[in-house]
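What follows is the residue order along each chain.
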Amino acid sequence: MNSKLSVGIDKIWLNTYDFKIENASIFDSKSDKRAGQTDLDLPLLAKIGGQDVRASKLTFNTFKRKHEVPYYVCVSQPHFLDKPMMNIQFNPSKALHPYNLVTDPKEVSMVCDQIQDSLSDFGIKLNLENALQTRLDFAKQDFMNRPLSNYNYGFDFIGGKRMKKIGYEDGYTFHNKSHEACFYDKGKKKKNDSLIGMMRVEQRLKDSDTINKFTGIKTLGNLLKSENEQWNECYKNYLNNTIFHQFKNKSILDIKSEVERFQKIRSDGRNAVLKYLVAVTLTHQISKMGSLEFLFTVMKEAGCSRANISETRKEIIKIMEYAKPAKQVSVMTLINELQKKFAA
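Attention in this report is confined to the structure presented alongside it. The structure presented is a predicted model; accordingly, all values stated were derived computationally and were not measured. Numbers given for residues are sequential positions, taken from 1 along each chain in its written order. Owing to the predicted nature of the model, reporting of local features is limited to residues with pLDDT of at least 70; listing and counting of side-chain atom pairs is limited to 80 or more, with chain, interface and lining totals taken over all residues. Side-chain metrics rest on all non-hydrogen atoms present in the structure, leaving aside hydrogens and water.

1. Observations concerning the sheet that holds strand β11 (residues 164-168)
On the basis of which strands lie adjacent, the open sheet formed by ten strands has the order β3-β6-β7-β8-β1-β10-β14-β13-β12-β11 and antiparallel pairing. At either end of the open sheet lies a strand with only one pairing partner, and these are β3 (28-30) and β11. Going across the sheet, the axis of each strand differs from the next one's by a mean of 15 degrees, ignoring polarity. Pairing of β11 with strand β12 (residues 171-175), which is carried by five bridges, proceeds in the antiparallel orientation. Along β12, the bridge assignment pairs Tyr 168 with Gly 171. Every residue pair with non-hydrogen atoms within 4.5 Å of one another is taken to be in contact. Between N-to-C directions, angles span 0 to 180 degrees; the directions come from axes that are lines fitted to C-alpha atoms, helices contributing only their stretch in contact. Think of it this way: any DSSP run of H or I at least four residues long counts as a helix, any run of E at least two long counts as a strand, and we number them from the N terminus. Docked against the sheet, helix α2 (residues 105-121) engages β1 (8-16), β7 (72-76) and β8 (85-90), running at close to 130 degrees with respect to β8. Against the sheet, helix α3 (residues 148-155) engages β11, β12, β13 (179-185) and β14 (198-205), with an angle of about 35 degrees to β12. Strands are treated as partners if at least two bridges between them are detected by DSSP.

2. Side note on the nonpolar core
What we call a nonpolar core is a set of buried Ala, Val, Leu, Ile, Met, Phe, Trp, Tyr and Cys residues that are connected through their side-chain atoms within 4.5 Å. Only protein chains enter the calculation, and the probe is 1.4 Å; a residue is then buried if its accessible area is under 20% of its type maximum, exposed if over 50%, and partly exposed in between. If you look at the biggest cluster of nonpolar residues, it comprises 68 residues, and the most contacted ones within it are Phe 183 and Leu 239. Beyond its immediate chain neighbours, meaning those up to four positions away, Leu 239 contacts Ala 181, Phe 183, Val 201, Phe 244, Phe 342 and Ala 343. With 14 residues, the next largest nonpolar core counts Ala 279, Ile 309, Ile 316 and Ala 323 among its residues.

3. Looking at the packing of α3 against helix α12 (residues 331-342)
The N-to-C vectors of α3 and α12 enclose an angle of 115 degrees; their axes lie 9 Å apart at closest approach. When the axes of α3 and α12 are compared, the pair comes out roughly perpendicular. In this structure, α3 crosses over α12, and the sense of that crossing is left-handed. For the pair α3 and α12, the contacting residues are Asn 150, Tyr 151, Gly 154 and Phe 155 in the first and Val 331, Leu 334, Glu 337 and Leu 338 in the second. Throughout, the term roughly parallel applies to angles under 35 degrees, roughly antiparallel to angles over 145, roughly perpendicular to angles from 65 to 115, and oblique to all others. Each crossing gets its handedness from the near helix: less than a right angle anticlockwise from the far helix is left-handed, clockwise is right-handed.

4. Section: the environment of Asn 176
Positionally, Asn 176 belongs in the loop between β12 and β13. Separated by 14 residues in sequence, Asn 176 and Arg 162 have C-alpha atoms that sit 7.4 Å apart. Every residue in contact with Asn 176, bar those within four places of it in the chain, is listed here: Arg 162, Met 163 and Lys 206. Think of a polar contact as two N or O atoms within 3.5 Å of one another; within protein, one of them needs to be a possible hydrogen donor and the other a possible acceptor, and neighboring residues in sequence only count if both atoms come from side chains. From its side chain, Asn 176 meets the backbone oxygen of Arg 162 in a polar contact 3.3 Å long.

5. Re the pattern of salt bridges
A carboxyl oxygen of Asp or Glu within 4 Å of a side-chain nitrogen of Lys or Arg is what we treat as a salt bridge. Using the criterion set out here, one finds 14 salt bridges in the structure. Note that Lys 206 is salt-bridged to Glu 180, the shortest N-O span being 3.1 Å. On the criterion of sequence distance, the pair formed by Lys 206 in the loop between β14 and α5 (208-215) and Glu 180 in strand β13 is long-range, its members being 26 residues apart. What makes Lys 206 partly exposed here is its relative accessible area of 26%. Of the charged contacts in the structure, one is a salt bridge between Glu 233 and Lys 236, with a shortest N-O distance of 3.0 Å. Taken together, the residues Glu 233 and Lys 236, both in helix α7 (residues 228-242) and three residues apart, mark about one turn of the helix. Given the relative accessible area of 31%, Glu 233 is considered partly exposed. Taking the relative accessible area as the measure of exposure, Lys 236 reaches 18% and is therefore buried.

6. Some remarks on the layout of surface pockets
Using only the protein atoms, space was sampled on a 1 Å grid; points where a 1.4 Å probe fits but cannot get out form cavities, open sets with protein on both sides within 12 Å along at least five of seven lines form pockets, and lining residues are those with an atom within 4 Å of a point. Grid points are joined across faces, edges and corners, and a volume is the space filled by probe spheres set on the points. When its volume is computed, the largest pocket comes out at roughly 420 Å³. Along the walls of the largest pocket sit 25 residues, with Asp 10, Lys 11, Asn 91, Lys 94 and Lys 186 positioned nearest its centre. For the lining of the largest pocket, the elements supplying multiple residues, two or more each, are β1, β8, α1 (92-96), α4 (186-190) and β14. Top contributing element to the lining of the largest pocket by residue count: β1, with four residues. Ten residues, namely Ala, Val, Leu, Ile, Met, Phe, Trp, Tyr, Cys and Pro, are considered nonpolar, four, namely Asp, Glu, Lys and Arg, are considered charged, and the remaining ones, Gly among them, are considered polar. For the lining of the largest pocket, the residue count by class is ten nonpolar, five polar and ten charged. Of the volumes computed, that of the second largest pocket is approximately 210 Å³. Every residue lining the second largest pocket is counted, 17 residues in all, and those nearest its centre are Pro 147, Leu 148, Ser 149, Asp 185 and Lys 188. For the lining of the second largest pocket, the secondary structure elements donating two or more residues are α3 and β13. The element best represented in the lining of the second largest pocket is α3, accounting for four residues.

Printed below as a string of structure tokens:
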């Protein structure tokens, strides 16, 4: 595992008003008209050869074109705009590899050049570098020393700064309207067994003002002129200031040792869940009663047969083999591991 991980770029969205469409046939057109409206009531999104192209939205993507870098284009004119806007979306990392992150600005620039050329070939003219950055996702990823689900339980005790949070089976997300921090199992997301246990942590900046606030970047050109070290500082500061700044130092069960305990109990026969719950709490319950004999006295006085008491005694003694004290891990330990790997 790397002592210091490099930040990569996972997602880029761009907006521009300075574009020209020379070929409308490549676009899928969507026309949302209310009752009584005609095509003339729709926004004028392009003018090609003197002919008006009116629609609610024009979309085009290269995801299924084998020899093209993957990207998505959408042209629309929301009611609050006075002219059409083009949105371009792409993932420079995925353009080069199924799951590795692109960390070199020169490689990002190479992908952008390919998209610029592809757009031109399809009759879409614009200067990509002048486009406004409206979504930017930085990310790091690496294999962890313990099951990723253990960190999920630790996240329950973290409060992101002015953020809501949601846990799910394979990860945890802290979010608000303008930015997110997402921790998840990349192997499960990609359904790739060789990557199980690889955690990806994404910083998702979701509008131009937020991108500028956290990175100082306004346009794609600004991004391409920046360095990986600048990306890393932005990413590190974001995690430290919004996620790792405050948490409750509780102790939680170590999931790996509990899985091993449950597997042993399950191999002995039926009612594994009930036996597991008894094993986890047995020592505590016995200490409250004073001794195990208290239970058998209660059973006897309540009218249980000698045979029933004897069988219960054998069953509990068997369960006591699994009743070793539960291994625990502190939330501070979990957060320190994450912080050291992703935000140091």
